[in-house]
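Each chain is listed here by its residues.
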Amino acid sequence: MDLQEKIRMQDVYQDIEYIIGKITVLPIGQPLIWVYAWDVARDVYKNIQEGQEEEYCVTMSIEEVWELFWTQADKNGFTLQYGSEDLYDAIRDWMIDESIIEEISEEEEE
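The rules behind each value
- Residues numbered from 1 in each chain as written.
- Predicted model: local features only at pLDDT ≥ 70, side-chain atom pairs only at ≥ 80, totals over all residues.
- Heavy atoms only, no water.
- Helix = DSSP H or I, 4+ residues; strand = E, 2+ residues; numbered from the N terminus.
- Phe/Tyr/Trp six-rings, centres within 6.5 Å; stacked < 30°, edge-to-face > 60°.
- Buried < 20%, exposed > 50% of the residue type's maximum accessible area, 1.4 Å probe, protein only.
- Lys NZ or Arg CZ within 6 Å of the ring centre and 35° of its normal.

**Quick look at unusual backbone geometry**
Move 1: The phi dihedral of Q30 is positive, around 45 degrees, even though this residue is not glycine.
Move 2: With respect to the helices and strands, the residue Q30 is situated in the loop between helix 1 (3–23) and helix 2 (31–49).
Move 3: The backbone of S99 shows a phi angle near 60 degrees, a positive value even though the residue is not glycine.
Move 4: Inspection of the secondary structure assignment puts S99 in the loop between helix 5 (84–97) and strand 2 (101–103).

Quick look at the structure:
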């Protein structure tokens, strides 16, 4: 390992240790799952908001999405048990079911 890679490795280690220190004190069960699941939801939301999926639009603010995410956490039971792709699909389906993201009809496009 060259010096540059070793420095990068040490920097990433320090960053991860800092993040773990912050995550482990969150007053919620399984905080890493919460962080990961919210990151996925936020990413889907932002991608659609920025027009990366032209057939969809967002219908509420990110703060409103967070409130739904929080209040429905027990009902949703998001998990990494079946892998990250299944979690992504579950979160996206939840966002569609809750009308957070909606398909744009052809009439709206015109």
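There is more to say after this.
**Topic: the packing of aromatic side chains**
Move 1: Within this structure, the stated rule accounts for ten aromatic pairs.
Move 2: Note on F69 and F78: the rings are 5.9 Å apart at their centroids and 25 degrees apart in plane angle, and the pair reads as stacked.
Move 3: On the basis of an interplanar angle of 80 degrees and a centroid distance of 6.0 Å, the ring pair of F78 and W94 is categorised as edge-to-face. In this pair, F78 is assigned in the loop between helix 4 (73–76) and helix 5 and W94 in helix 5, connecting sequence segments 16 residues apart. Across this residue pair, the class does not change: F78 and W94 are buried.
Move 4: Put simply, the rings of W34, W38, W66, F69, W70, F78 and W94 pair up and form one aromatic cluster.
Move 5: The ring of Y56 carries R92 above its face, with NZ or CZ at 5.0 Å from the centroid.

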